[in-house]
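Below are the chains, spelled out letter by letter.
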Amino acid sequence: MNIWLIMLIGGLITFGMRFSLIFLFGKFQIPETMRKALHYVPPAVLSAIIFPELFYRSSQLDFSLGNTRLLAGMVAILVAWFSKNTLFTILAGMIALFLLQVLIGA
Amino acid sequence: MNEARKTFWDGVRAEIPLLIGVFPFGVIYGVLALNAGLSQAASQMMSSMIFAGSAQFITAQLVSESAPAMVIILTIAVVNLRHMLYSASLAPYLKSLPIKWKVLLSYLLTDEAYAPSILQYEKEGVRPVSHWFLLGAGCALWSTWQISTAFGIFLGTSIPENWHLDFALALTFIAMVVPALKNRPMVAAAISAGVVSLFAYSLPFKLGLIFAALTGIVIGTILEGQKSLAGAR
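All values reported here derive from a predicted model rather than from experimental measurement. Here the residue index of a chain counts from 1 through its sequence in written order. Chain letters and ligand numbers both follow the written order, the letters beginning at A and the numbers at 1. Restriction of local features to residues with pLDDT of at least 70 applies here, the model being predicted, together with a cutoff of 80 or more for giving and counting side-chain atom pairs; totals for whole chains, interfaces and linings are based on all residues. As a convention, hydrogens and water are excluded, and side-chain values are obtained from all of the structure's heavy atoms.

Asker: Quick rundown of the overall build of chain B? Include the residues and the values.
Answerer: What chain B contains, in helices and strands, is eleven helices and zero strands. Across chain B, helices and strands are ordered from the amino to the carboxyl terminus as α-α-α-α-α-α-α-α-α-α-α. Taken over the C-alpha trace, chain B has a radius of gyration of 19 Å; the compact-globule value for 233 residues is 17 Å, and the two agree within 12%. Along the longest, intermediate and shortest principal axes, the C-alpha atoms of chain B span 65 × 50 × 35 Å. For the exposure calls, accessible area comes from a 1.4 Å probe over protein chains only, and a residue counts as buried if that area is under 20% of its type's maximum, exposed if over 50%, partly exposed in between. With 233 residues in all, chain B has 57% of them scored as buried. Within chain B, contacts between residues separated by at least 24 positions form 78% of all contacts whose residues are at least 6 apart in sequence. Where accessible areas are quoted, they stem from the Shrake-Rupley method and a 1.4 Å probe; at the residue level, only the protein chains shown are allowed to cover. Per element, the accessible surface of chain B, about 10300 Å² overall, is 69% carbon and sulfur. Under the counting rule used here, the positive set is Lys and Arg, the negative set is Asp and Glu, and His together with the chain ends is not counted. The atoms used to mark charge sites are NZ of Lys, CZ of Arg, CG of Asp and CD of Glu. With 14 positive and 11 negative side-chain charges, chain B shows a separation of 11 Å between the mean positions of the two kinds. Working definition: helices are DSSP H or I runs of at least four residues, strands are E runs of at least two. Numbering for both runs from the N terminus. Values of the radius of gyration come from C-alpha atoms, whereas the globule rule sets the reference at 2.2 Å times the count of residues to the power 0.38. In this analysis, two residues are considered to be in contact whenever any of their non-hydrogen atoms come within 4.5 Å of each other.

Dropping the structure here:
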């Protein structure tokens, strides 16, 4: 199959998922439990993306002090907690990663 | 109308910190898609036809491995399943909009447009101009994504790996999650999802991500239920 056709179908499926429940909302009532559950979508999804980014090094779990991304991530978590500022958090994490790599030489 | 325009720009402003993480991600996508053997036109157009970062990276990877078309399409569908959760989450705030608006905002509904918008809606509730916020955030992200993709295609040759620009995206997500951890159910949802994601990481097609997220959502919801029971006593 042609790459353009793959992208077209993939794009339509992606759009369909984004549109699905926005479109269907008027047609049925979302149960209270589901409404509650949806508040936990952002922290759950984002943590599920973040954790592997920090703990996996070339498809291996790495809990060691040589894992610079894990350490830099910890710095970013602390900065995020105290500053609640996105820009500071990113800068602190990137600077920490840079310094750790210079120090550890990874 | 002024109120609408102001809300649109509020959305753009809320999106700006995220764009710092998105821009390098888009550049890297452009570079990788080209290296995977996609034409310049296809690499660029994927950013508007699919418009979903991780799905685009995986598509480029699978194309370079000459994976069958059905596998690629199924993978895109599975990786983007989470957008149904976003769709359900935003639906109550968009329910009274005309269908044209729903189509437009659905097209723009990515992780990075969803996050600031849901925070805003939960804080402010529904106002007649609420949808302009999501439009602003979505348009800011969309244009940045197109421009950064073009930039990556233009660079073409590989970016030095020791820049680690991709890490900026993980840091962006950290900046979004951590301030939201205000109570025990939220913390439990985040940590349980994270831990499960580590164990489920090797599952194919990013299913681990979906499984981990569902675990976190269930645990958070159960703990919140217990808390309100205890409060009622």
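From this point, the narrative continues.
Asker: Could you give me a rundown of unusual backbone geometry, with the residues and numbers involved?
Answerer: Notably, Lys84(A) is not glycine yet its phi reads approximately 50°, a positive angle. Here Lys84(A) lies in the loop between helix 4 (68-83) and helix 5 (86-104). Residue classification places Lys84(A) among the exposed positions, given a relative accessible area of 52%. Despite not being glycine, Phe51(B) has its phi angle at roughly 50°, a positive value. Counting through the fold element by element, Phe51(B) comes out in the loop between helix 2 (40-49) and helix 3 (53-64).

Asker: If you had to explain the packing of helix 1 (residues 3-24) of chain A against helix 4 (residues 69-79) of chain B to someone new, which residues and values would you point to?
Answerer: Throughout, an axis means a line fitted to C-alpha atoms (over the contacting stretch in the case of helices), and angles, computed between N-to-C directions, take values from 0 to 180 degrees. Two numbers describe how helix 1 of chain A lies on helix 4 of chain B: the axes approach to 9 Å, and their chain directions differ by 20°. Judged by the inter-axis angle, helix 1 of chain A sits roughly parallel to helix 4 of chain B. For the pair helix 1 of chain A and helix 4 of chain B, the crossing hand works out as right-handed. Every residue of helix 4 of chain B that contacts helix 1 of chain A at Ile6(A), Ile9(A), Gly10(A), Ile13(A), Thr14(A) and Met17(A) is listed here: Ala69(B), Ile72(B), Ile73(B), Ile76(B) and Ala77(B). Residues are grouped as follows: nonpolar covers Ala, Val, Leu, Ile, Met, Phe, Trp, Tyr, Cys and Pro; charged covers Asp, Glu, Lys and Arg; every other residue, Gly included, is treated as polar. Of the residues contributing to the contact of helix 1 of chain A with helix 4 of chain B, the split by class is nine nonpolar, two polar and no charged. Note on terminology: angles under 35 degrees are roughly parallel, angles over 145 are roughly antiparallel, angles of 65 to 115 are roughly perpendicular, and the others are oblique. Handedness of a crossing follows from how the near helix is turned relative to the far one, being left-handed for an anticlockwise turn of less than a right angle and right-handed for a clockwise one.

Asker: Tell me about the packing of helix 3 (residues 41-55) of chain A against helix 4 of chain A, residues and numbers included.
Answerer: All names here are of chain A. The interhelical angle for the contact between helix 3 and helix 4, taken along N-to-C directions, is 130°, at an axis separation of 7 Å. Comparing the axis directions of helix 3 and helix 4 gives the class oblique. Of helix 4, the residues touching helix 3 (which contributes Glu53, Leu54 and Phe55) are Arg69, Leu70 and Gly73. Among the residues making up the contact of helix 3 with helix 4, the classes are represented as three nonpolar, one polar and two charged.

Asker: Can you break down the confidence of the model for chain A residue by residue, with the values?
Answerer: Summarising the model, chain A shows a mean pLDDT of 87, and 92% of its residues fall at 70 or more. pLDDT gives the predictor's per-residue confidence on a scale running from 0 to 100. At the level of individual helices and strands, chain A shows its lowest average pLDDT in helix 2 (residues 32-38) of chain A, which scores 76, and its highest in helix 4 of chain A, which scores 96.

Asker: Give me the lowdown on the pattern of salt bridges, citing residues and values where you can.
Answerer: All names here are of chain B. Salt bridges, as used here, are contacts in which a Lys or Arg side-chain nitrogen is within 4 Å of a carboxyl oxygen on Asp or Glu. Using the criterion set out here, one finds five salt bridges over all chains in the structure. The salt bridge partner of Arg127 is Glu124, with a shortest N-O separation of 3.5 Å. Judged by its relative accessible area of 27%, Arg127 is partly exposed. Salt bridges sharing partners connect three or more residues here, namely Glu3, Glu124 and Arg127.

Asker: Describe the packing of aromatic side chains, and please don't skip the residues or the numbers.
Answerer: Residue and element names in this part refer to chain A. Think of it this way: a Phe, Tyr or Trp ring, Trp meaning its six-membered ring, pairs with another when their centres are within 6.5 Å, and the plane angle makes it stacked under 30 degrees, edge-to-face over 60, tilted otherwise. For the structure shown, the criterion picks out 14 aromatic pairs over all chains. With 5.3 Å between their ring centres and 15° between their planes, Phe15 and Phe19 make a pair best called stacked. A residue pair is termed a helical-turn pair when its members lie 3 or 4 positions apart in one helix, as Phe15 and Phe19 do in helix 1 at four residues. Overall, the relative accessible area of 22% leaves Phe15 in the partly exposed class. A relative accessible area of 14% means that Phe19 is categorised as buried. Taken together, the ring pairs in this structure connect Phe15, Phe19 and Phe23 into an aromatic cluster. Across the ring face of Trp81, the terminal group of Lys84 is positioned such that the distance to the ring centre comes to 5.0 Å. Put simply, a charge is over a ring when the Lys NZ or the Arg CZ is close to the ring centre, within 6 Å, and near the line of the ring normal, within 35 degrees.

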